[in-house]
Amino acid sequence: AVNFSETQGTHENSGPLSGGRQHTSGTGRSNGSAGGDAGSGSTDARPRFDVPVARNGYRWWYVDATSDDGLHGLSIIGFVGSVFSPYYARARKRGKADPENHCAINIALYGKPRRWAMTERGITRVARTAQQFTVGPSSMMWNGNELTIDIHERCVPLPFPLHGKVRLSAPALYNAPVQLDDKGLHHWQAVAPQSRVTVEMDTPALKWSGPSYCDMNWGEEPLGRGFRQWTWERANNSRGTEVIYSVERRDGSRFSFGRGFNAGNVVERSIPENHALPRGFWGMTRNVMSEAPPRLIATLEDSPFYTRNHIGLTLDGEQCDAYHESLSLDRFMNPVVQLMLPFRMPRFA
């Protein structure tokens, strides 16, 4: 069991959000199959880094992992058109902003020591090819079914150096994108939901390996124009890797879905009932979809508009550990929050 916890507790049931295998209102679409060779376009199994991104749009590639001994964890996100960037938000207010001018690779290390880095860089510091995405001194590169992340960053708020490599290896890549909105402007796709990483950090000195997960999101408009909020969680159990998503769209409709991934196969999963964890320090709601009341193991990130948590939940009758996130786009767009963000997300053009 993972034990890089900071807070613990038990939580009461707040009632169902959506019943099993249903769209609470509105529609979404999914298609595709597992595996396949790299090609062009947004539905490739192997995610090309050179796919065009629309003005005011975004594309990101996400990795999370936990060490085999449960003492360490990480999340890494490479952004073209950084959706949480206050600089990109200001640029969009002036017209059609170029996402290439607002890129970042966000690295968070959990356990001891903890580290956080997210430096935005402009178009002159960014390069994208089919296999490689370079932002300043850091990069992400696919080679077959292996992703190498080369990290050379400086942390905030304390300027610790952050240097090392993370290598992800996947037995299968998946091609099963899901349309999150009713206009076809926002999509999600699991890429390597069943994978492993090796972490070799020089600064701080860390070496570990463990199970990992990789997906990607892309959109043709700002995230906040399509959604008010969302909840996402992923867990591993005896059936494979389980992902549950629930979004509230800007028009007030909801779309929820569950996917199971195992040995190259993708199956639809039922949606468990909704439970409420205690609000975060900043008042963020944290709804968890689980068959039984969940357990908060660790609050990994707690901001005015976003929380990342390590939780224990029940799926398919099994207790399992899961990564969980809650996001409020209304809170993100609050002017006070926008003024706070540069302290966590500096920009070097």
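Residues numbered from 1 in each chain as written. Predicted model: local features only at pLDDT ≥ 70, side-chain atom pairs only at ≥ 80, totals over all residues. Heavy atoms only, no water.

## So, the pattern of salt bridges
So, step 1. Evaluated as defined, the whole model comprises 15 salt bridges.
So, step 2. Across the salt bridge formed by Arg128 and Glu100, the nearest N and O atoms sit 2.4 Å from each other. Of this pair, Arg128 sits in strand S9 (residues 126-128) while Glu100 sits in the loop between helix H1 (86-93) and strand S6 (103-110), and the two are 28 residues apart along the sequence.
So, step 3. Among the residues examined, Glu100 registers a relative accessible area of 21% and is labelled partly exposed.
So, step 4. One salt bridge connects Glu301 with Arg344, and the closest N-O pair in it is separated by 3.5 Å. On the criterion of sequence distance, the pair formed by Glu301 in strand S25 (residues 295-302) and Arg344 in the loop between helix H4 (335-340) and strand S28 (347-348) is long-range, its members being 43 residues apart. (Salt bridge = Lys/Arg side-chain N within 4 Å of Asp/Glu carboxyl O. Helix = DSSP H or I, 4+ residues; strand = E, 2+ residues; numbered from the N terminus. Buried < 20%, exposed > 50% of the residue type's maximum accessible area, 1.4 Å probe, protein only.)

## Let's talk about unusual backbone geometry
So, step 1. With an omega of 0°, the peptide bond running from Lys112 to Pro113 counts as cis.
So, step 2. Inspection of the secondary structure assignment puts Pro113 in the loop between S6 and strand S7 (115-117).
So, step 3. A cis amide bond links Val156 to the next residue, Pro157, at an omega of 0°.
So, step 4. Relative to the elements of secondary structure, Pro157 occurs in the loop between strand S12 (146-154) and strand S13 (161-169).
So, step 5. Here Asn56, not a glycine, exhibits a phi torsion of approximately 70°, which is positive.
So, step 6. Within the secondary structure, Asn56 is located in the loop between strand S3 (33-34) and strand S4 (58-66).
So, step 7. Although it is not a glycine, Asp316 sits at a positive phi angle of roughly 55°.
So, step 8. Taking relative accessible area as the criterion, Asp316 reaches 29% and is therefore assigned partly exposed.

## Brief notes about a nonpolar patch on the surface
So, step 1. A cluster of nonpolar side chains, contributed by Phe281, Trp282, Val336 and Met340, occupies part of the molecular surface with about 440 Å² of accessible area.
So, step 2. Here Trp282 lies in the loop between strand S23 (274-277) and strand S24 (286-289).
So, step 3. For Trp282, a relative accessible area of 39% gives the class partly exposed. (Patch = residues over 30% accessible without salt bridge, like charges linked within 9 Å, V, L, I, M, F, W, Y side chains within 5 Å. Areas by Shrake-Rupley, 256 points an atom, 1.4 Å probe, with all protein chains shown as cover.)

## A short note on the environment of Pro278
So, step 1. Its location among the elements puts Pro278 in the loop between S23 and S24.
So, step 2. Among the residues examined, Pro278 registers a relative accessible area of 40% and is labelled partly exposed.
So, step 3. As for Pro278 and Leu296, which are separated by 18 residues in sequence, their C-alpha atoms are 9.0 Å apart.

## Some points on the nonpolar core
So, step 1. Of all hydrophobic cores here, the largest spans 41 residues; its most connected members are Trp60, Leu180, Trp188, Leu223 and Trp230.
So, step 2. Ignoring anything within four residues of it in the chain, the contact list for Leu180 reads His186, His187, Trp188, Asn217, Phe227, Trp230, Tyr245, Val247, Arg249, Phe255 and Phe257.
So, step 3. Ranked by size, the runner-up nonpolar core spans 37 residues in total, among them Phe49, Ile105, Leu109 and Met216. (Core = buried A, V, L, I, M, F, W, Y, C linked by side-chain atoms within 4.5 Å. Contact = heavy atoms within 4.5 Å.)

## Quick notes on the pairing of strand S16 (residues 186-190)
So, step 1. By the criterion of burial, S16 is predominantly enclosed, with 5 of the 5 residues buried.
So, step 2. Going residue by residue along S16, you find His186, Trp188 and Ala190 tucked away on one face and His187 and Gln189 tucked away on the opposite face as well.
So, step 3. Looking at chain direction, strand S15 (residues 178-179) and S16 are connected through 2 bridges and run antiparallel. Looking at S16, one finds that Val178 is bridged to Trp188.
So, step 4. Linking S15 to S16, which pair antiparallel, is a turn of 6 residues; within it Gly184 sits at a positive phi near 75°.
So, step 5. Strand direction decides the pairing type here: S16 and strand S18 (residues 206-219), joined by 5 bridges, are antiparallel. Each residue of the ladder has a partner; that of His187, found in S18, is Trp218. (Pairing = 2+ DSSP bridges.)

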